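Chain by chain, the residues run as shown.
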Amino acid sequence: MPKIFITGHRGMVGSALVREAERHGGHEVITAGRDRLDLLNQQAVFDFLAAEKPDIVVIAAAKVGGIHANATYPADFIYENLAIASNLVEGSRRAEVPRVLFLGSSCIYPKLAPQPMPEDCLLTSPLEVTNEAYAIAKIAGLKLCQHYRAQHGLLYHSAMPTNLYGPGDNYHPENSHVIPALIRRFHEAKVSGKPSVTIWGTGTPRREFLHVDDLAAACFHLLGLENPPDWVNVGVGEDVTILELAQLVAKTVGYEGEILTDPTKPDGTPRKLMEVSRLKGTGWAPQIGFEEGLAAAYQDFLSKLESGEARL
Ligand SMILES: NC(=O)c1ccc[n+]([C@@H]2O[C@H](COP(=O)([O-])OP(=O)(O)OC[C@H]3O[C@@H](n4cnc5c(N)ncnc54)[C@H](OP(=O)(O)O)[C@@H]3O)[C@@H](O)[C@H]2O)c1
């Protein structure tokens, strides 16, 4: 049975990959939390891979954060993400690991990329400055895989997911992504009987969301391909406005008050949508509908709230 090393298994993506591996069957899963293996420690990574000799390494470990963290600690974001990628890719080559899947994100594409964003717009114009450090490290990870594949003939490749949501999300009031933030706000408004909830900006920017379990399924699909693309966008290829999203979350949560917008607050990029024909061409499409996925995400939030495990 092939041995798969899933890094970052306590994170949102890593834990979904472990669940998918269990559902999928056919792999021996190995994991190592930061307490056992600090991925910034190059020698420890080399030694671990040499001892374990996995058949597949998935790089779902990363230093991840919101706009504020990225703006305050850009050196940490670029250094840690470069180190994690280079230690795991070079360590995998040394341990003769035949296959690596590296996970990046849509922020690798230029700020003014065409919409939807095709894979080939990579490195065609400047990045968004607020997360440039993180994006540069993710581009380097993708390029490491591409060049190791070209030079060493190893099947090292990458997947670039769009915005994710689902189990394992972070519900912190200032530090979370838009879906968990809205789930929390509408839930609290429902519980306290608040008559209205105000969302930032005009509500018109469009965003795309993929359930993390769909991403995990896409990763296993890519790992099953004999000749996967060097990197491929993983998204749904459709988006919603922030106001539509707020309405859907309110409906999911059962909040019946009014939803207001605040046009004095910044909107951010008008649209960020992945072009997903390369992925579709390999024979994969997402399975989890948005309403179904949001309902499951709300149930996850409620159960975490009850058990005190939510990343609040
Ligand atoms: N979530 C999204 O919406 C989204 C969207 C697109 C792409 N992605 C990509 O998916 C990947 C994973 O993201 P995520 O949302 O799952 O992040 P996450 O929930 O923060 O998980 C990251 C994991 O990496 C581990 N890690 C970080 N530094 C480490 C180190 N030095 N040694 C060992 N483990 C370390 C963390 O361990 P600790 O628990 O010990 O901190 C954590 O378990 C990233 O590459 C991200 O860019 C995510």
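Scroll up to find the structure this text is about.
In what follows, the accompanying structure is described. (Residues numbered from 1 in each chain as written. Predicted model: local features only at pLDDT ≥ 70, side-chain atom pairs only at ≥ 80, totals over all residues. Heavy atoms only, no water.)

### Section: the sheet that holds strand β13 (residues 271–272)
In a beta sheet, neighbouring strands are held together by backbone hydrogen bonds and run either parallel or antiparallel to one another.
Thought 1: Spatially, 3 strands are ordered β11-β8-β13 in an open sheet, and the strand pairing comes out mixed. Of all strands in the sheet, those with a lone pairing partner are β11 (240–241) and β13, marking the two edges.
Thought 2: Pairing of strand β8 (residues 206–207) with β11, which is carried by 2 bridges, proceeds in the antiparallel orientation. The partner of R206 across the bridge, within β11, is T241. (Pairing = 2+ DSSP bridges. Helix = DSSP H or I, 4+ residues; strand = E, 2+ residues; numbered from the N terminus.)

### Considering the site of the ligand
Thought 1: Of all residues adjacent to the ligand, which total 25 residues, the nearest are M12, V13, R34, Y134 and K138.
Thought 2: Within the contact set of the ligand, an oxygen atom lies 3.2 Å away from a backbone nitrogen or oxygen of G11.
Thought 3: Within the backbone of L103, an N or O atom sits 3.2 Å from an oxygen atom of the ligand.
Thought 4: Against a free-state accessible area of 890 Å², the protein chains account for coverage of 85% of the ligand.
Thought 5: Secondary-structure elements contributing two or more residues to the shell around the ligand are α1 (12–24) and α5 (132–152).
Thought 6: In terms of residue class, the shell around the ligand is built from 14 nonpolar, 6 polar and 5 charged. (Near = heavy atom within 4 Å. Polar contact = N/O pair within 3.5 Å; in protein donor to acceptor, adjacent residues only side chain to side chain. Areas by Shrake-Rupley, 256 points an atom, 1.4 Å probe, with all protein chains shown as cover. Nonpolar A, V, L, I, M, F, W, Y, C, P; charged D, E, K, R; others polar.)

### Concerning the nonpolar core
Across soluble globular proteins, nonpolar side chains show a tendency to be buried alongside one another.
Thought 1: Counting 41 residues, the largest nonpolar core has F5, L88 and Y109 as its most contacted members.
Thought 2: Within the residue set of this core, elements represented by two or more residues are α2 (42–52), β3 (56–59), α4 (74–94), β4 (99–103), α5 and β5 (155–161).
Thought 3: If near-sequence neighbours (up to four positions away) are discounted, F5 is found in contact with I30, T31, A32, L37, F48, L49, P54, I56, V57, V58 and L88.
Thought 4: Grouped together as the second largest cluster of nonpolar side chains are 29 residues, A60, L164, L225 and L279 included. (Core = buried A, V, L, I, M, F, W, Y, C linked by side-chain atoms within 4.5 Å. Buried < 20%, exposed > 50% of the residue type's maximum accessible area, 1.4 Å probe, protein only. Contact = heavy atoms within 4.5 Å.)

### Some words on the packing of α2 against α4
Thought 1: Packing of α2 against α4 leaves a shortest axis separation of 9 Å and a crossing angle of 35 degrees. Helix-helix and strand crossings are classified by hand; for α2 and α4 the assignment is right-handed. Across from Q42, V45, F46 and L49 in α2, the residues of α4 making contact are N87, L88, E90, G91, S92 and R94.
Thought 2: Class assignment for the residues of the contact of α2 with α4 results in 4 nonpolar, 4 polar and 2 charged. (Axes fitted to C-alpha atoms, helices over the stretch in contact; angles between N-to-C directions. Left-handed = near helix turned anticlockwise from the far one by under 90°.)

### Things to note about α2
Thought 1: Of all the positions in α2, only V45, F46, F48 and L49 are classed as buried. In an axial view of α2, the angular spread of the buried residues amounts to 165 degrees, which keeps them on one side of the axis.
Thought 2: Looking at the buried side of α2, the elements it contacts are β1 (3–6), β2 (28–30), β3 and α4.
Thought 3: Looking at where α2 begins, the residue whose side-chain oxygen comes 3.3 Å from the main-chain nitrogen of Q43 is N41.
Thought 4: Backbone geometry just downstream of α2 places K53 in the positive-phi region, at approximately 45 degrees. (Arc of directions from axis to C-beta.)

### What about the pairing of strand β10 (residues 231–234)?
Thought 1: The alternating pattern of β10 places W231 and N233 and V232 and V234 on opposite faces, both of which are buried.
Thought 2: Taken together, the 4 bridges between β5 and β10 define a ladder with parallel strand orientation. The residue bridging A159 from the neighbouring strand is V232, located in β10.

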